[in-house]
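Below are the chains, spelled out letter by letter.
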Amino acid sequence: MLGRAALATLLVLSLACSKKEAEPSAPKDEVEKQDGDEAKAGSATPVAPAKAEPPAAKAEPPAAKAEPPARFKGNGFSVPIPEHYSAVKDDVRSYLSKQIGQEVDAVLVKDTRDGGFRSSIVVTKIASNEVNPGDVKTCEVAAEQMGKAVGTKVQGAAKAVSYGYGKSCQFEMGDDSQHAIQTIVYVGKTYWTMTCNASPKALDTSRKECEQALAGFGP
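Keep in mind it's a predicted model, so treat the numbers as computed, not measured.

1. Things to note about the overall build of the protein chain
And then number 1: Along the protein chain, the regular secondary structure elements total five helices and nine strands.
And then number 2: Scored against the burial criterion, the 219 residues of the protein chain give a buried share of 30%.
And then number 3: By sequence separation, contacts in the protein chain at least 24 residues apart represent 49% of the contacts at least 6 residues apart.
And then number 4: Working note: accessible area of the protein chain is about 15,200 Å², and carbon and sulfur atoms make up 56% of it.

2. Let's talk about the side chain of Ser 78
And then number 1: Relative to the helices and strands, Ser 78 is located in strand 2 (residues 78–80).
And then number 2: On the accessibility criterion, Ser 78 (1% relative accessible area) is buried.
And then number 3: In this structure the side chain of Ser 78 is engaged in a polar contact, spanning 2.9 Å, whose partner is the backbone oxygen of Pro 219.

3. A closer look at the pattern of salt bridges
And then number 1: Going through the model one piece at a time under the given rule, you end up with four salt bridges.
And then number 2: Residues Asp 90 and Arg 93 are paired through a salt bridge, measuring 2.7 Å at the closest nitrogen-oxygen approach. One end of the pair, Asp 90, and the other, Arg 93, are both in helix 3 (residues 90–100), three residues apart, so they sit about a helical turn from each other.
And then number 3: Close ionic contact of Lys 110 with Glu 209 constitutes a salt bridge, the shortest N to O distance being 2.6 Å. Here Lys 110, found in strand 4 (residues 104–110), pairs with Glu 209, found in helix 5 (residues 203–215); they are 99 residues apart in sequence, far enough to count as distant. Residues Lys 110 and Glu 209 agree in their burial class; the two are buried.

4. Quick look at the sheet that holds strand 8 (residues 179–187)
And then number 1: The seven strands are arranged 3-4-5-9-8-7-6 in an open sheet whose pairing can be described as antiparallel. A strand with exactly one partner marks an edge of an open sheet, and here the two such strands are strand 3 (85–87) and strand 6 (153–163). Across the sheet, the axes of successive neighbouring strands diverge by a mean angle of 20°, strand direction being ignored.
And then number 2: Where helix 4 (residues 136–150) meets the sheet, its contacts fall on strand 6, strand 7 (166–174) and strand 8, and the angle it forms with strand 7 comes to roughly 30°.

5. Topic: the nonpolar core
And then number 1: In this structure, Phe 77, Val 79, Met 194 and Phe 217 are the most contacted members of the largest nonpolar core, which totals 31 residues.
And then number 2: Elements with a minimum of two residues in this core: strand 4, strand 5 (120–125), helix 4, strand 6, strand 7, strand 8, strand 9 (190–198) and helix 5.
And then number 3: The element contributing the most residues to this core is strand 8, with five residues.
And then number 4: Residues contacting Phe 77, with those up to four places away along its chain left out, are Phe 72, Asp 105, Ala 106, Val 123, Val 187, Trp 192, Phe 217, Gly 218 and Pro 219.

Criteria and cut-off values
The numbers attached to residues start from 1 for each chain and follow its sequence in the written order. Local features in this predicted model are restricted to residues of pLDDT 70 or higher, and side-chain atom pairs are both shown and tallied only at a pLDDT of 80 or more, whereas totals for entire chains, interfaces and linings draw on every residue. Side-chain figures throughout are based on the complete set of non-hydrogen atoms in the structure, without hydrogens or water. Secondary structure counts use DSSP, requiring at least four H or I residues in a row for a helix and at least two E residues in a row for a strand, with both numbered from the N terminus. For each residue, the accessible area found with a 1.4 Å probe, counting protein chains only, is set against the maximum for its type, and the residue is called buried under 20%, exposed over 50%, and partly exposed in between. Residues count as neighbours in contact if any of their non-hydrogen atoms are within 4.5 Å of one another. Accessibility throughout is a Shrake-Rupley quantity obtained with a 1.4 Å probe, and a residue counts as covered only by protein chains that appear here. Polar contact is defined as a pair of N or O atoms within 3.5 Å, subject to the rule that within protein one atom must be able to donate a hydrogen and the other to accept it, and that residues adjacent in sequence are counted only when both atoms are side-chain atoms. We count a salt bridge whenever a side-chain nitrogen from Lys or Arg sits within 4 Å of a carboxyl oxygen from Asp or Glu. Pairing between strands is defined by DSSP: at least two bridges between the two strands are required. Note on geometry: axes are lines fitted to C-alpha atoms, helical ones only across the stretch in contact, with angles between N-to-C directions running from 0 to 180 degrees. Throughout, nonpolar core names a set of buried Ala, Val, Leu, Ile, Met, Phe, Trp, Tyr and Cys residues whose side chains join them through atoms within 4.5 Å.

Here's what the structure looks like:
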């Protein structure tokens, strides 16, 4: 059983834990009034904090426009330079012209090797302007003659293909070490041959690069 001293200590601790101590001289009804006011204040509904506005969405920067491919400008024509290709210097073209005995109007060479072979795109002018580039029969004869001249086989059938400048003759030839896609390209009544040289091991990539040059050929 607790003694008087312990009972007095518990009473003091209990009073100390109340929210507000009553003044010793305050009357009983005043204390009850204060307690009632505090109870009302404690039971008031808390005000919800203001809802934070979501941060404004950042405007997306405008998409960068793709730069058009660089072009090689020759005498009476121009041709896009595919990615990873560069045009050789004039003195190199002059040297090649002397080597093959025919004027070389453009040479684009790939910066890297595919399948151990450095791909290239060569443009040379056709001497005659009496050419029907869309005639398949003429295309077949040209393919056969060129195959014999360079000592290689024609791969598949010669065909007529269409680009922005019109229908053109196209055929392919090669062996296990080199493959060439030969196409007649033209501006007006001036004709050139475009030869895309590639490794048979990287033919899919070279076809895409060759197609870019063919599709963009023009004045």
